[in-house]
Number of protein chains: 2
Amino acid sequence: MKLVEKTVMDFVNAVESKEPAPGGGSVAALGGSLGVALTAMVGNLTIGRKKFNELDEEVKDKFEKAFNETIDIKESLLEIIDEDTEAFNQVMAAFKMPKETEEEKSRRKAAINEATSLAMNVPLKAAEECLKILKLQEVFAQYGNRNAITDVGVGALMAYSGLEGALLNVKVNLGGLDDEELVNNIQAKCDSILKEGKELLEATLKVVYSKI
Amino acid sequence: MKLVEKTVMDFVNAVESKEPAPGGGSVAALGGSLGVALTAMVGNLTIGRKKFNELDEEVKDKFEKAFNETIDIKESLLEIIDEDTEAFNQVMAAFKMPKETEEEKSRRKAAINEATSLAMNVPLKAAEECLKILKLQEVFAQYGNRNAITDVGVGALMAYSGLEGALLNVKVNLGGLDDEELVNNIQAKCDSILKEGKELLEATLKVVYSKI
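Reading the values: the criteria
- Residues numbered from 1 in each chain as written.
- Chains lettered and ligands numbered in written order.
- Predicted model: local features only at pLDDT ≥ 70, side-chain atom pairs only at ≥ 80, totals over all residues.
- Heavy atoms only, no water.
- Helix = DSSP H or I, 4+ residues; strand = E, 2+ residues; numbered from the N terminus.
- Buried < 20%, exposed > 50% of the residue type's maximum accessible area, 1.4 Å probe, protein only.
- Contact = heavy atoms within 4.5 Å.
- Areas by Shrake-Rupley, 256 points an atom, 1.4 Å probe, with all protein chains shown as cover.
- Lys, Arg positive; Asp, Glu negative; His and termini not counted.
- Charge placed at Lys NZ, Arg CZ, Asp CG, Glu CD.
- Least-squares fit on C-alpha atoms with pLDDT ≥ 70 in both.
- Buried area = accessible area lost by both parts, 1.4 Å probe.
- Salt bridge = Lys/Arg side-chain N within 4 Å of Asp/Glu carboxyl O.
- Axes fitted to C-alpha atoms, helices over the stretch in contact; angles between N-to-C directions.
- Parallel < 35°, antiparallel > 145°, perpendicular 65-115°, else oblique.
- Left-handed = near helix turned anticlockwise from the far one by under 90°.
- Nonpolar A, V, L, I, M, F, W, Y, C, P; charged D, E, K, R; others polar.
- Polar contact = N/O pair within 3.5 Å; in protein donor to acceptor, adjacent residues only side chain to side chain.

Chemist: Help me understand the overall build of chain A in this model?
Modeler: Helix and strand counts for chain A come out as 7 helices and 0 strands. Ordered by position in the sequence, the α and β elements of chain A form the string α-α-α-α-α-α-α. Looking at chain A as a whole, 54% of its 212 residues qualify as buried. Considering only contacts within chain A whose residues lie at least 6 apart along the sequence, 78% involve residues at least 24 apart. In the structure as shown, chain A presents an accessible area of about 9700 Å², 49% of it carried by carbon and sulfur atoms. Computed over 26 positive and 36 negative side-chain charges, the separation of the two mean positions in chain A equals 4 Å.

Here you go:
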């Protein structure tokens with residue numbers, strides 16, 4: 001059964017269990033999914049209303065474009081909830097491969113490398129999707145339905161937690177890779193995403209707090 | 001159907017829908033639930049292991065006590081996921097009450113006050129539960145299974161987002177209350193919870209980053 005098909009209660013209990021997966025990677029992707037869903041809800045509560053229709057055409061276009069982008073981000077993050085746990089399980093399976101003969105050792109090493117690379121790329125994608133939401137949220141804070149202003153705020157907080165949480169999972173897997181140049185590149189990418197994400201969260205929350 | 005009985009995918013889609021509930025309050029409580037569940041998982045992956053058994057008795061006691069506390073916090077936050085949406089719906093219902101006669105007006109006003117008070121107290125409780133988790137997490141970062149260090153980090157991020165997100169929902173409902181002294185007291189309480197929560201998150205993340 002896919003994780004997203006579990007009930008919310010069963011998912012939370014599956015996280016809590018002594019099985020290491022689902023763990024932080026899947027939870028971060030769910031955090032991002034919830035952040036983007038709240039943002040989309042604010043869009044649904046805004047577009048077509050009187051106050052929205054009175055905005056400049058340029059602002060309306062910008063808002064509607066941002067709203068349309070939320071759908072793809074949500075779909076992508078919902079998929080990552082399961083992909084992250086699958087990638088983690090692949091790493092575990094690779095480590096359990098036999099390592100008696102030289103051939104087995106070499107096959108195991110290749111499998112570990114491949115699985116670790118996947119276990120790094122999946123949360124990296126999650127972080128990038130969360131960054132996309134954070135880029136959209138300021139416009140929702142500025143022009144979204146005022147009654148839903150706290151939902152924009154919670155959405156930004158969840159998207160940011162998803163972002164930093166996913167990056168923790170990228171970083172911990174970097175240790176398992178041999179290619180130093182790749183490691184340095186990914187590390188720099190993580191730092192840049194984290195910095196931009198933090199700035200976007202602060203900008204959105206500033207607007208939110210000014211309106212409550 | 002209770003929200004926690006929906007599948008994860010249906011819950012996310014219910015958030016996204018044009019219905020204003022479930023919204024940020026329920027999502028914040030779910031964020032907190034996920035944060036505490038990750039923390040409990042780290043406890044499950046730590047207690048009884050060789051490295052844990054070698055720790056000082058005092059540390060083991062502290063860790064086990066923290067672990068035992070996670071269960072109650074999780075149960076409480078899972079309940080708040082539904083309670084918050086129920087409280088929100090009560091506010092909406094109160095505003096829709098008839099207001100033709102003086103008697104109706106007065107009955108409506110009383111219902112709005114009561115519902116708003118509930119809609120403020122439910123997320124306040126959520127924020128307090130999230131603060132409890134954040135208080136426990138540093139010991140998990142310090143003595144928990146090293147392989148699950150990123151799970152402690154994601155857990156802290158989710159708990160903090162749950163805390164600040166819940167406080168946004170407290171604050172927005174303060175505007176609907178007449179009692180100035182009560183408003184000031186709650187405002188001060190929110191500020192104190194937010195400050196302490198932020199410090200605890202930073203302390204835990206500092207330990208997490210030093211270990212990955």
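Additional details are given in the paragraphs that follow.
Chemist: For this particular structure, what's the right way to read unusual backbone geometry?
Modeler: If a residue is not glycine, its phi is most likely negative; likewise, a peptide bond is most likely trans. Pro22(A) follows Ala21(A) through a cis peptide bond whose omega is 0°. Relative to the elements of secondary structure, Pro22(A) occurs in the loop between α1 (8-16) and α2 (24-44).

Chemist: Sorry if this is basic, but what is going on with the relation of the copies chain B and chain A here?
Modeler: At an RMSD of 0.0 Å, chain B and chain A line up after a rotation of 180° and a shift of 0.0 Å along the axis. Here the transformation between the copies is reduced to the relation of a two-fold axis. For chain B, the smallest separation between a C-alpha atom and the rotation axis is recorded for Thr7(B), amounting to 1.9 Å. The residues that chain B uses at the interface reappear at the interface of chain A in 100% of cases, marking a shared surface.

Chemist: Sorry if this is basic, but what is going on with the side chain of Thr204(B) here?
Modeler: Residue and element names in this part refer to chain B. On the secondary structure map, Thr204 appears in helix α7 (residues 180-211). The exposure class assigned to Thr204 is buried, which follows from its relative accessible area of 0%. Once residues within four sequence positions are removed from consideration, Thr204 is found in contact with Leu134, Gln137, Glu138, Ala141, Val152 and Ala156.

Chemist: Please clarify how the interface of chain B and chain A should be interpreted in this entry.
Modeler: One widely used convention gives an interface's size as the accessible area the parts lose upon coming together. On the chain A side, the residues contacting the 53 residues of chain B number 53 residues. Between chain B and chain A lies a buried interface of about 4500 Å² when both sides are counted; carbon and sulfur atoms form 74% of it. Sorting the residues of chain B by area buried against chain A places Val8(B), Glu16(B) and Leu168(B) first, and these three jointly supply 16% of that buried surface. Where chain B touches chain A, the interface holds 2 salt bridges.

Chemist: Explain the packing of helix α4 (residues 57-95) of chain B against helix α5 (residues 102-143) of chain B to me, please; I cannot follow it from the model alone.
Modeler: The relative placement of two packed helices is expressed as an angle between their axes plus a distance between the axes. Residues and elements named next belong to chain B. For the pair α4 and α5, interaxial distance at closest approach is 8 Å and the crossing angle is 160°. Looking at the two axes, α4 sits roughly antiparallel to α5. Here the hand of the crossing between α4 and α5 comes out left-handed. Here the residues of the contact of α4 with α5 are counted per class, giving 25 nonpolar, 4 polar and 8 charged.

Chemist: For this particular structure, what's the right way to read the side chain of Ser33(B)?
Modeler: Structurally, the position occupied by Ser33(B) is in helix α2 (residues 24-44). The class for Ser33(B) is buried, based on a relative accessible area of 0%. A distance of 2.8 Å separates a polar atom in the side chain of Ser33(B) from the backbone oxygen of Ala29(B). With residues near it in sequence (within four places) discarded, Ser33(B) still touches Val12(A), Leu77(B), Leu78(B) and Ile81(B).

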